[in-house]
Amino acid sequence: MTATFSSEGTPSSLRGHSESQRTSAQSDICGRVVGPLATSFFFDSFMEPSNGLPKLRRVSKKIFEDIAGVSINCDRMTTRLAHAVNNSGLCPNFVLSNRKEEWDTDSHSKIRPRLCLFPENPSNDHASGWPSLELFVDVHPIDCMDPFRLMFKTSRYSLRGDDQDMSNNLLDQLSGFLNAQFSRQHRRFTFALCIFGRYVRFLRVDRSGVVVSEAMNYITNPRILAEFFWRYSHLSYSKRGFDPYAEPATSSERRLLRRAILEYIDLAKAEEARRFPKMRMSLARDYPAYKICVADELSGEVQRFVIRRPFAGGRSLFGRSTRGYVAFRLGDGDHWERQPLSGGLAFLKDTWRISSDELEREADIYEDLKEHGVQFIPTVICAGDVFCNGRPQQTITEALAESIPPQWVRLSRKCRRTYIHHRVAQELAFPLSAVTNAKELVQVIRDALQGLIEAYVKAGRLHRDVSDRNVMISESHQGDSITHGLLNDWDVSRKLHENEPAGSGRVGTWYFMSSQLLLHLQKSNDIYDDLESILWVLVYVAAQHFKHSGRFFMPMFSERREIYPRHASPGIAGGAEKNSFIAGASTVVFLCPALNDLITSLRRFWHEYHYKLEAYTQLHEDPRVLLGFFDEAINRGPEAWVHGEWVEKQYPEFTRGSSERPTSDVSISVGSLDSPAHNPGQSAWERAIRRNGRPEVVIRVPRSTLKRPAPQGGNRLVDGAGELAAEARPRKRTKHLGGDVNDSNSPAPRKRRQR
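Residues numbered from 1 in each chain as written. Predicted model: local features only at pLDDT ≥ 70, side-chain atom pairs only at ≥ 80, totals over all residues. Heavy atoms only, no water.

A. Spatial organisation of the pairing of strand β6 (residues 199-205). Extensive coverage of β6 is indicated by the burial of seven of its seven residues. Judged by which residues are buried, β6 turns out to be covered on both faces: Tyr199, Arg201, Leu203 and Val205 on one side and Val200, Phe202 and Arg204 on the other are all buried. Taking the residues that link successive antiparallel strands as the turn, the strand β5 (residues 190-196)-β6 hairpin has two residues, and the phi of Gly197 there is positive, at about 65 degrees. Judged from the three bridges that link them, β6 and strand β7 (residues 210-213) form a sheet pairing that is antiparallel. Counted as the bridge partner of Leu203 is Val212 from β7. Turn length for the β6-β7 hairpin, with the two strands adjacent in sequence and antiparallel, is four residues. (Buried < 20%, exposed > 50% of the residue type's maximum accessible area, 1.4 Å probe, protein only. Helix = DSSP H or I, 4+ residues; strand = E, 2+ residues; numbered from the N terminus. Pairing = 2+ DSSP bridges.)

Structure, rendered in structure tokens:
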């Protein structure tokens, strides 16, 4: 049998998505799979009800007989399967539905599973769609459309050359469904089914990975599929994967959240005050409203918040999956009848922190900073881990991978992490995009820099993740309105101890990591990397939102190349373009004199720091020397701040996050050749060699830049990227990629014998 796809081989539910979205979706699942597990092991490990499982009555052998067949399409399969499950009573209190009209009002209607399980009496304000979905069934009509077939290499069918593309597209679709479900619901994990022709697989998904069962023939063995629905219907709310500390909000609580946000917006408009970007988005009706409980682990007090749609984060299926909400804090009794509702708004951060001896809980970090008197940090209302049955909520996929035979594990080593659910509630602060002029931007970043230095000097702590999203604005309305900056998100910070390194490996946001941290794979973070990140935050925001002459070279923030050191593992490096900027390669001039002079002074200082002992010693003796540059700029008169108006993004194509994930095919920043400030005959890698000496690395050339071997021998490089990479590569240490690249001294490849 042959599988029928669209002309581009893309499942219909993912059409309309960009190629980068589909690629990132597929890469979410690859390397995070554990299986195939026996169905009995899957049921006993994950689907055992706490109060015992009632005995499943006898299941007819013909219950699913007419579902799969040669002439059956997906619509007929889903209709017959839903009819069989609903009429046989296999899943009491739930309804298996394939009706499209239930998704018409949902903004995610383009990403819609063919078959979904809904509760008969939903408890939230959405009767259908992603908010009330219990689990979905990914249905495909043909046996060979198993999305995991290449991982497990089953022998039920032969593999063809285009099977890899089909598998990737099916994983794209599955990842899109899972991401849409997790973004609308507060879950610890979820179950899902994959049906392809006569076979079915059961899935359990959490923030660490996917546990997959073996493929079973549900036509000849219908009790397997029937038992899954029977067991699921008898699981408790928590064992079905939901967070017990996130309850659907009542109608009165939803009204309180709406009134508070609208009152806040109207008040800011009337007083022409600072506005919180995307605040109205928090009231999106296609997202359900929840009441979240946050227990402070220090005081033991439990605070309740009402939230709806996150205004930040929520795009990642696996990992920390941080989401930020505008939340309304519920009071006792008629607490909010005596004062404005807008005073109850707060910021709620929902994340899955990495369980590691090197990383502390964010709640403990803020308490440590507060005890040492560090300024310009957020005011925490309450914070702590989220518990379930007396234990912190955590992922178990990686633990399962350690306890089963290694041939069942497709979980890459870098993904074997345990994540613990953590929530932090803070007073509402504004993102950096809410500044109004250049002087205010400089003041806010200066305050964040002081908080960074005080944390190092007083508390002995590194932040290790300074970025434009972690530098925020706080306003005090006691008397005259006072604006100052603060440094947020200390969750990956590290306490320094004597004779101990500051962690293993590099940590941070790629766009704002220091040049030396990007250049050296084995380097660990230190305070000087954090201090340099302040410069990149200032330069990035200034280039995006303040007028300047010429076109700024934004690719320096996203520059990546894959390198192969002699005595270390391969990795992704960057920083050459940042070094060029520090050395004065950029000819861009900002129209605001004070802002341009500040960036020039900081750039020259960091250049001297890297190459002159005097600046190096000065910074090591007192990091507060950097504050002097900011204070000098702030104290200048109004004439120095002309043309300092905030404008919309001038380079939206370089928005952070669009190219955040490193790709294994990147070897050199080709965009550097387009910069008028650089020598057009010299690559970024050659400039790095000129500054830092000849590196002992081999650069991998992307396959996309090469042609097939020419008949007379040798390979021809067909575009500039390939030529530059070949010229920069040391001749004696050339690595061949499957025979695609030949050294100048290597013999020509043999011709294939014609049959």
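B. The nonpolar core, seen in detail. Counting 93 residues, the largest nonpolar core has Leu531, Phe552 and Leu595 as its most contacted members. The contact partners of Phe552, leaving out residues within four places of it in the chain, are Val539, Ala543, Phe557, Phe581, Ser586, Val588 and Tyr651. With 48 residues, the next largest nonpolar core counts Val34, Ile67, Ala84 and Leu193 among its residues. (Core = buried A, V, L, I, M, F, W, Y, C linked by side-chain atoms within 4.5 Å. Contact = heavy atoms within 4.5 Å.)

C. View of the pairing of strand β25 (residues 561-565). Within β25, four of the five residues are buried, which leaves it mostly tucked inside the rest of the structure. Relative to strand β26 (residues 571-573), β25 runs antiparallel, the two sharing three bridges. In the strand pairing of β26, Ile563 is matched with Gly571.

D. Broad picture of the side chain of Glu134. The topology assignment puts Glu134 in the loop between β3 (115-119) and β4 (135-140). Given the relative accessible area of 4%, Glu134 is considered buried. Here the side chain of Glu134 touches Tyr232 through a polar contact of 2.6 Å, side chain to side chain. Ignoring any residue separated from it by four or fewer positions in sequence, one finds Glu134 in contact with Phe94, Leu117, Phe118, Pro119, Gln181, Arg187, Thr190, Tyr232, Arg240 and Phe242. (Polar contact = N/O pair within 3.5 Å; in protein donor to acceptor, adjacent residues only side chain to side chain.)

E. Layout of helix α15 (residues 593-611). Helix length check: α15, at 19 residues, gives a terminal C-alpha distance of 27 Å against a target of 27 Å (1.5 Å per residue), a fit within 8%. By the burial criterion, the buried members of α15 are Ala594, Leu595, Asn596, Leu598, Ile599, Thr600, Leu602, Arg603, Phe605, Trp606 and Tyr609. Residues of α15 that are buried in the fold lie against α10 (438-458), α12 (527-545), α14 (576-582), α16 (613-621) and α17 (625-634). (Expected span 1.5 Å × (residues − 1).)

F. Main features of the pattern of salt bridges. Tallied over the full model, the rule gives 32 salt bridges. For the salt bridge of Asp364 with Arg361, the shortest nitrogen-to-oxygen distance reads 2.9 Å. Judged by its relative accessible area of 22%, Arg361 is partly exposed. (Salt bridge = Lys/Arg side-chain N within 4 Å of Asp/Glu carboxyl O.)

G. How the structure looks around the packing of aromatic side chains. Enumeration according to the criterion identifies 36 aromatic pairs in this entry. Where Phe42 meets Phe202, the ring centres are 6.2 Å apart and the plane angle is 40 degrees; that geometry is what we call tilted. Linking Phe42 in helix α2 (residues 39-46) with Phe202 in strand β6, this pair joins segments that are 160 residues apart in sequence. Judged by its relative accessible area of 0%, Phe42 falls in the buried class. Of the residues examined, Phe202 reaches a relative accessible area of 0% and is grouped as buried. With a centroid separation of 5.9 Å and an interplanar angle of 75 degrees, the aromatic rings of Tyr511 and Tyr540 are classed as edge-to-face. In this pair, Tyr511 is assigned in the loop between β24 (494-495) and α11 (515-519) and Tyr540 in helix α12, connecting sequence segments 29 residues apart. Given a relative accessible area of 3%, Tyr540 falls into the buried group. Site record: aromatic cluster; members linked through ring pairs are Phe42, Phe43, Phe46, Phe94, Phe189, Phe191, Phe202, Phe228, Phe229 and Tyr232. When the ring centre of Phe242 is taken as origin, the NZ or CZ atom of Arg187, which lies over that ring, is 3.9 Å away. Taking NZ or CZ as reference, Arg204 lies 4.0 Å from the ring centre of Phe189, over its face. (Phe/Tyr/Trp six-rings, centres within 6.5 Å; stacked < 30°, edge-to-face > 60°. Lys NZ or Arg CZ within 6 Å of the ring centre and 35° of its normal.)

Take it as geometry only, folks, not as evidence of what the structure does.
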